[in-house]
Amino acid sequence: MAQEIKSLIHNPEEYHRKMQILYKSVTYDEHNVIKKVIGEAVSDTKCHTIRVLSVGSGNGTREDLSITLLSETFPQVFYTGVDPAEEELQQFNTFSVSKKAQKEWENVDLKFHNETIEDYIEKADKGEVAGKFHIIVALQSVYHFTDPVTTIKQLYDMLEDGGVLVNLMQSGDIGKLAMEIGKHYYDPKNWFIDAEWVEEKMRERIPDAKITTVIQPQTCKINACFDEQSSEGNDLLDFITQIPNFRKTIPKEIKDEIMESLNNKKRIDPNGDIFINWDAGYLLIRKEEKKLH
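As the structure is a computational prediction, the values presented were derived from the model and not from experiment.

### Quick word on the side chain of Asp238
Checked against the element boundaries, Asp238 lands in helix H9 (residues 231–241). Under the relative-accessibility criterion, Asp238 is labelled buried at 4%. Residues contacting Asp238, with those up to four places away along its chain left out, are Leu8, Lys18, Ile243, Pro244, Asn245 and Phe246.

This is the structure:
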């Protein structure tokens, strides 16, 4: 029986601080993957104006390339960002102002909503906010939905015909580790799930949708995780497991099991550096256009 805990997301400041440590440890080529994913998402879009909803948009750094590509493709982009972290949205707004000052994103109309996606959907159902989009993007935010399967289905229903929902989630070894942790712990605000789990559930829930997955291979250097005296290693381990003060707060038996699983998944390069596969899975769920009879 899984035990309820308060995962790292309950302390947004620590969550984002430790996430930056992860970014320093992960190697990947996100540029080409984003170009491929956005290209696939808009491949069948024939409109001149495109409406985009970003779920968990953060401070905008991860949205930069996507918005730039869309602004170069469409004459007008209406972009809506939803995030419960007020400070992150403030930073995003400042970032967008600087982009426009540099003569970029001039054709992008941005609106920000400081609330959960569940609250936004409720308002959309009442007609209080925009409720139809050509693209909906959820980058590493599905874990924090109150009910991932239900909310993803609701987002799918908000797509225009031919629209695409893009979910970015952990996959591969790191995803398997999350699922293993989920056997011991659960948090209503942080689901221990991976891209494969979500894909399976959505194929069951939306059988008529066209679902494809783009895997972005990447690795995370985890040498420091095996050094109990390393503060950076402990912070990285907290983010990998999403358990605050992982080494000190969970029972030894479970801690040893998780560390053994991490150890079994590691790869050692010729220089002696230790890595784990940190593959990212872009799950694209396309809403088919209605055919006239």
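### Overview of the environment of Met259
Within the element layout of this structure, Met259 appears in helix H11 (residues 252–265). Along the backbone, Met259 and Leu237 are 22 residues apart, and their C-alpha atoms lie at a distance of 9.6 Å. Apart from residues no more than four positions distant in its own chain, Met259 is found in contact with Cys225, Phe226, Leu237 and Phe246.

### Examining the packing of helix H5 (residues 117–125) against helix H6 (residues 148–157)
Running from N to C, H5 and H6 cross one another at 40°; their axes reach a closest spacing of 11 Å. Comparing the axis directions of H5 and H6 gives the class oblique. Of the two possible hands of crossing, H5 and H6 adopt the one that is left-handed. Each of Ile117, Glu118 and Ile121 in H5 lies in contact with H6, whose residues at this interface are Thr151, Gln154 and Leu155. The residue inventory of the contact of H5 with H6, partitioned by class, reads 3 nonpolar, 2 polar and 1 charged.

### Concerning helix H1 (residues 12–25)
Residues three or four positions apart in an α-helix share a direction because the helix packs 3.6 residues into each turn. The terminal C-alpha atoms of H1, which comprises 14 residues, lie 20 Å apart, in line with the 20 Å expected from a rise of 1.5 Å per residue. Among the residues of H1, those classed as buried are Tyr15, Lys18, Met19, Ile21, Leu22 and Ser25. The buried residues of H1 occupy an angular sector of 155° when projected down its axis, which confines them to one face. Of the exposed residues in H1, those oriented more than 90 degrees away from the buried face are Glu13 and Lys24.

### Focus on unusual backbone geometry
You will see that Lys103, though not glycine, has its phi angle at about 65°, which is positive. The phi torsion at Gln242 lies on the positive side, around 65°, for a residue other than glycine. Following the sequence through the fold, Gln242 ends up in the loop between H9 and helix H10 (246–249). On the basis of relative accessible area, Gln242 is assigned to the buried category, the value being 10%.

### Considerations on the sheet that holds strand E2 (residues 26–27)
Spatially, 4 strands are ordered E2-E10-E12-E11 in an open sheet, and the strand pairing comes out antiparallel. Both edges of this open sheet fall to E2 and strand E11 (267–268), since each of them pairs with a single strand only. With 3 bridges joining them, strand E10 (residues 219–221) and strand E12 (residues 274–277) adopt antiparallel strand pairing. Paired with Thr219 across the strands is Asn277, a residue of E12.

### Focus: the pattern of salt bridges
All told, the structure shown has 18 salt bridges when counted by the stated rule. A salt bridge links Glu160 to Arg51; the shortest N-O distance between them is 2.2 Å. Of this pair, Glu160 sits in strand E7 (residues 159–170) while Arg51 sits in strand E3 (residues 49–55), and the two are 109 residues apart along the sequence. Linking Glu122 and Lys126 is a salt bridge whose minimum nitrogen-to-oxygen distance equals 3.5 Å.

What counts, and where the lines are drawn
- One numbering rule holds for all chains: residues counted from 1, following each sequence as written.
- Side-chain atom pairs in this predicted model are given and counted only at pLDDT of 80 or more, local residue features only at pLDDT of at least 70, and totals for whole chains, interfaces and linings cover all residues.
- Only heavy atoms go into the side-chain values, all of them from the structure, while hydrogens and water stay out.
- Put simply, DSSP H or I for four residues or longer makes a helix, DSSP E for two residues or longer makes a strand, and each gets a number counted from the N terminus.
- Residue burial is assigned from relative accessible area. The probe radius is 1.4 Å, only protein chains are included, and a residue is buried under 20% of its type maximum, exposed over 50%, and partly exposed in between.
- The contact criterion used is simple: two residues touch if any of their non-hydrogen atoms lie within 4.5 Å.
- Every axis corresponds to a line fitted to the C-alpha atoms, with the helix fit spanning only the stretch in contact, and the corresponding angles, defined between N-to-C directions, vary from 0 to 180 degrees.
- In this scheme, roughly parallel covers angles under 35 degrees and roughly antiparallel covers those over 145, while 65 to 115 is roughly perpendicular and the rest are oblique.
- Each crossing is labelled by how the near helix is turned from the far one, with a counterclockwise turn of less than a right angle marking it left-handed and a clockwise turn marking it right-handed.
- Only Asp, Glu, Lys and Arg are considered charged, only Ala, Val, Leu, Ile, Met, Phe, Trp, Tyr, Cys and Pro nonpolar, and every remaining residue, Gly among them, polar.
- A helix is expected to reach a length of 1.5 Å times the quantity of its residues less one.
- What the arc measures is the spread of directions leading from the helix axis to the C-beta atoms.
- Here a strand pair is declared whenever DSSP counts at least two bridges between the two strands.
- Should a side-chain nitrogen of Lys or Arg be within 4 Å of a carboxyl oxygen of Asp or Glu, the pair is scored as a salt bridge.

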